[in-house]
Every structure is written in C-alpha cells, then in structure tokens.
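# Analysis of the macromolecular model
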Amino acid sequence: MAETPTRTTYTVDSLLAVTVQVFNARGYDGTSMEDLSRAAGISKSSIYHHVRGKEELLRLAVGRALDGLFGILDEPAAAAGRPVDRLEHVVRRTAEVLLAELPYVTLLLRVRGNTGTEQWALERRRDFDHRVAGLLREAVAAGELRADVDPRLATRLLFGMINSIVEWYRPDHGDTDGIPDAVVRLAFDGLRTS
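A brief structural summary. (Residues numbered from 1 in each chain as written. Predicted model: local features only at pLDDT ≥ 70, side-chain atom pairs only at ≥ 80, totals over all residues. Heavy atoms only, no water.)

## Quick notes on the overall build of the protein chain
What the protein chain contains, in helices and strands, is 11 helices and zero strands. Moving toward the C terminus, one meets the helices and strands of the protein chain in the order α-α-α-α-α-α-α-α-α-α-α. Projecting the C-alpha coordinates of the protein chain onto the three principal axes gives extents of approximately 75 × 35 × 30 Å. Burial status across the protein chain gives 46% buried among its 194 residues. Across the protein chain, the fraction of contacts at a sequence separation of at least 24, relative to all contacts at a separation of at least 6, is 67%. For the protein chain, the accessible area works out to roughly 10,500 Å², and carbon and sulfur atoms hold 51% of it. Looking at charge distribution, the protein chain has the averaged site of its 25 positive side-chain charges lying 4 Å from that of its 28 negative ones. (Helix = DSSP H or I, 4+ residues; strand = E, 2+ residues; numbered from the N terminus. Buried < 20%, exposed > 50% of the residue type's maximum accessible area, 1.4 Å probe, protein only. Contact = heavy atoms within 4.5 Å. Areas by Shrake-Rupley, 256 points an atom, 1.4 Å probe, with all protein chains shown as cover. Lys, Arg positive; Asp, Glu negative; His and termini not counted. Charge placed at Lys NZ, Arg CZ, Asp CG, Glu CD.)

Written as structure tokens, this is what we have:
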C-alpha cells in the first residue's frame, strides 16, 4: 500500500515566517503570490484561506516588529525614573527586540511607502522615533546628557547604529548577548555629561 504524502499545515504565524523570508530576499514589490505559494509549498488558495492577500501579510509582518518596539515604551523601566535611565533602557531593549525579531524588523526597515501599509508602517516608525527623541530631550533638559548634540540628530544616530545590525548580524554566526550592551556603552559613553 502506497503511503499518502503528509501535507504541511500552515497557521498564519508559520505562513508569515515564510513570507518574511521571501519578502526580505526578493523585496515586497518583487514578490508575487505565486512566489509565496511555492516557498510555502501550498497553493495560493490555501494562502487566501488565511489572509486576504500580499499586503495583509506585509501589514502583519511589519506590525509584529512595530508592536515589539512600541511595547518597549510601555515597560516600567521606560515609563518611570530618571530620563537618562529610561532612554538607556529603551535603547538596550530596541537592540534586543531587533535581534529577537530580526527578519521582521529587517522587513520594517526596508519599507519605502509604496503602499498604504508601507505608509502606515513609516508613520508608526516616525512616531516611535519622535517619542524616543522626546525622552532624549528630557535627559538633556535634566542635565544628564550633553546639550551640544541636537536631540533629533542624536536620535537618528542612535537608531542608525541599532538599525545597522540587520545588515551585518547573522544569527547562525554567533551569540547576541553582548550586542545590546555594546550599543548602550558606545552610545551613552559619548552622550553622557562628564
């Protein structure tokens, strides 16, 4: 008697993991539903059983990254205490979330605003950046950080350093333990008042 091949059962989360890999490799615009169906090993109709289409998959993926980042701002260490300590917590945790959600944050950092979902994601990223810049301004006003560096520029430089991790870090090549601490040391040793 011949064995019946086992079918892969997909959930939205497992489909999303495959989708993010394909989007990161081919780009959102360069990916078709056919590409996603081949990568997942399921029919297009099976994908449509879970989601309405490619843009909904993009929204779920970048939403996961954004939810992780905004969740940091609600953590007790980000909400109370000295501004510099809160900012340091946000910077460390942002690096940790990036490492934990690397494929999703990579995709978020690559959106360009070509669709409604991408515009939504860019707006939320700007909101996160503005909130962190506000925290940095509070730390400057409290005399805890240097006043000779523009807070908006300092915020951009901080996120530039953190976001660059997606370009060089490879999970299969090493441990993530020292990266968030290194980011904090490099950033705050240069920003703190003496």
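## A closer look at the side chain of lysine 54
Mapped onto the secondary structure, lysine 54 falls in helix H4 (residues 54-73). For the buried lysine 54, no salt bridge exists, and the shortest N-O distance to an oppositely charged side chain is 5.4 Å, to aspartate 29. Filtering out sequence-adjacent residues up to four positions away, lysine 54 remains in contact with Phe23, Tyr28, Asp29, Thr31, Met33 and Leu36. (Salt bridge = Lys/Arg side-chain N within 4 Å of Asp/Glu carboxyl O.)

## Focus on the layout of surface pockets
Each pocket or cavity is described by its volume, and for the largest pocket that value is around 240 Å³. As for the largest pocket, its lining consists of 14 residues, and the residues nearest its centre are Gln21, Asn24, Leu102, Pro103 and Thr106. Those elements that provide at least two residues to the lining of the largest pocket are helix H1 (12-26), helix H7 (102-110) and helix H10 (165-168). If you tally residues by element for the lining of the largest pocket, the top one is H7, at five residues. (1 Å grid on protein atoms, 1.4 Å probe; cavity = no way out; pocket = protein on both sides within 12 Å on 5 of 7 lines; lining within 4 Å. Points joined across faces, edges and corners; volume = space filled by probe spheres on them.)

## Considerations on the side chain of threonine 19
Mapped onto the fold, threonine 19 is located in helix H1. Overall, threonine 19 belongs to the buried group, its relative accessible area being 0%. The contacts of threonine 19, once residues within four sequence positions are left out, are Leu36 and Leu57.

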